[in-house]
Amino acid sequence: MAGGGDELKLLGMWASPFVMRVKLALSFKGLSYEYIEEDLGNKSDLLLSSNPISKKVPVLIHNGKPICESQMIVQYIDEAFNATGPALLPTDPYDRAMARFWAAFIDDKFLASWIQAGRGKTEAEKAEGLKQTFAAIVTLEAAFKECSKGKPFFGGDSVGYLDVALGALVAWMRTAEVRHGIRLFDATRSPLLEAWVERFGELDAAKAVMPDINRLVEHAKIREAQVVAAAASS
Ligand SMILES: N[C@@H](CCC(=O)N[C@@H](CS)C(=O)NCC(=O)O)C(=O)O
């Protein structure tokens, strides 16, 4: 599959931004793999046995050995296939630490507040979530400036670990724009990220794995209705 006798299987769900990270990393590295779509309402035995801790996708199975958690998987791909395609993590230890730090920030601050903006229990909670999301974007704008060192990507001249971590959310950002008219990266708040998001979306390796936005919009509507119904019945 991946070449050199390696067998790679990815357990995923098409709309998941976490799965998208792994697809992007494999795509940028030029690695081939078998993709297995999971029904998260009826998880396969392979998923349950491969990720007994959280039972979530993505799971990458390399020669029979499962790796879980999107960020760990992308790091693993970069290390296990360091001779294939571009390096994703920087080589300098300090820059590597910074890339990992900002990737954690993307999940713990930016994504967490964005989820609150969409799924908060009250309007006030949602508004607070959106406020925190915009604050996180301003911080990420500064991180882009620091990591890219004036070049087009977080990784410099070519995409790196943070481009993958944040790039996986691009399709969902476009979906939010279509559904709610909210443009997260814009010229006033984050001009560098606004330019980055366009540049990233134009990459062939990214286009190859990005989900269709209309399909994502429909999926998001259904998910939202399910969340509302679950909240009403609890
Ligand atoms: N921190 C995990 C999050 C993965 C995650 O939340 N996956 C969702 C799909 S987007 C999932 O598998 N949900 C099924 C469940 O919670 O049972 C990662 O980065 O891989």
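Residues numbered from 1 in each chain as written. Predicted model: local features only at pLDDT ≥ 70, side-chain atom pairs only at ≥ 80, totals over all residues. Heavy atoms only, no water.

Notes on the nonpolar core
- Judged by nonpolar contacts, the single largest core of 64 residues is most densely connected at Phe110, Leu166, Phe185 and Trp196.
- If you count residues domain by domain, this core takes at least three from each of domain 1 (8–80) and domain 2 (93–213).
- Those residues in contact with Leu166, other than ones at most four positions away along the chain, are Ile106, Phe110, Leu140, Phe154, Met173, Phe185, Leu193 and Trp196. (Core = buried A, V, L, I, M, F, W, Y, C linked by side-chain atoms within 4.5 Å. Buried < 20%, exposed > 50% of the residue type's maximum accessible area, 1.4 Å probe, protein only. Domains from an automatic or database assignment. Contact = heavy atoms within 4.5 Å.)

Quick word on the side chain of Thr175
- The residue Thr175 is located in helix α7 (residues 170–180) in this model.
- Setting aside chain neighbours within four positions, we find Thr175 in contact with Ile213, Leu216, Val217 and Ala220. (Helix = DSSP H or I, 4+ residues; strand = E, 2+ residues; numbered from the N terminus.)

So, the domain arrangement of the chain
- Taken domain by domain, the chain holds domain 1 (8–80) and domain 2 (93–213).
- The centre of domain 1, based on its C-alpha atoms, is set 21 Å off from the matching centre of domain 2.
- In this assembly, 15 residues from domain 1 lie in contact with 23 residues from domain 2.
- The junction of domain 1 with domain 2 conceals about 1600 Å² of combined surface from both sides, 65% of it contributed by carbon and sulfur atoms.
- Along the contact surface separating domain 1 from domain 2 lie 3 salt bridges.
- Notably, a salt bridge pairs Arg96 with Glu79, separated by 3.7 Å at the nearest N-O pair.
- Connecting domain 1 to domain 2 are 9 residue pairs in polar contact (both at pLDDT 80 or more).
- Where the side of domain 1 that touches domain 2 is concerned, the elements lending two or more residues are α1 (17–29) and α3 (70–80).
- The greatest single-element share of the side of domain 1 that touches domain 2, amounting to 9 residues, is contributed by α1.
- In the side of domain 1 that touches domain 2, the residues fall into 9 nonpolar, 3 polar and 3 charged. (Buried area = accessible area lost by both parts, 1.4 Å probe. Salt bridge = Lys/Arg side-chain N within 4 Å of Asp/Glu carboxyl O. Polar contact = N/O pair within 3.5 Å; in protein donor to acceptor, adjacent residues only side chain to side chain. Nonpolar A, V, L, I, M, F, W, Y, C, P; charged D, E, K, R; others polar.)

Points about the sheet that holds strand β2 (residues 34–37)
- The mixed open sheet is built from 4 strands, whose spatial order is β2-β1-β3-β4. The open sheet has two free edges, formed respectively by β2 and β4 (65–68), since each of these has just one partner strand. Pairwise comparison of adjacent strand axes, ignoring direction, gives a mean angle of 20° for this sheet.
- Here 4 bridges tie strand β3 (residues 59–62) to β4, and the two strands are oriented antiparallel to one another. Note on β4: the bridge partner recorded for Ile61 is Pro66.
- Contacting β1 (8–12), β2 and β3, α1 crosses the sheet at an angle of about 155° to β1. (Pairing = 2+ DSSP bridges. Axes fitted to C-alpha atoms, helices over the stretch in contact; angles between N-to-C directions.)

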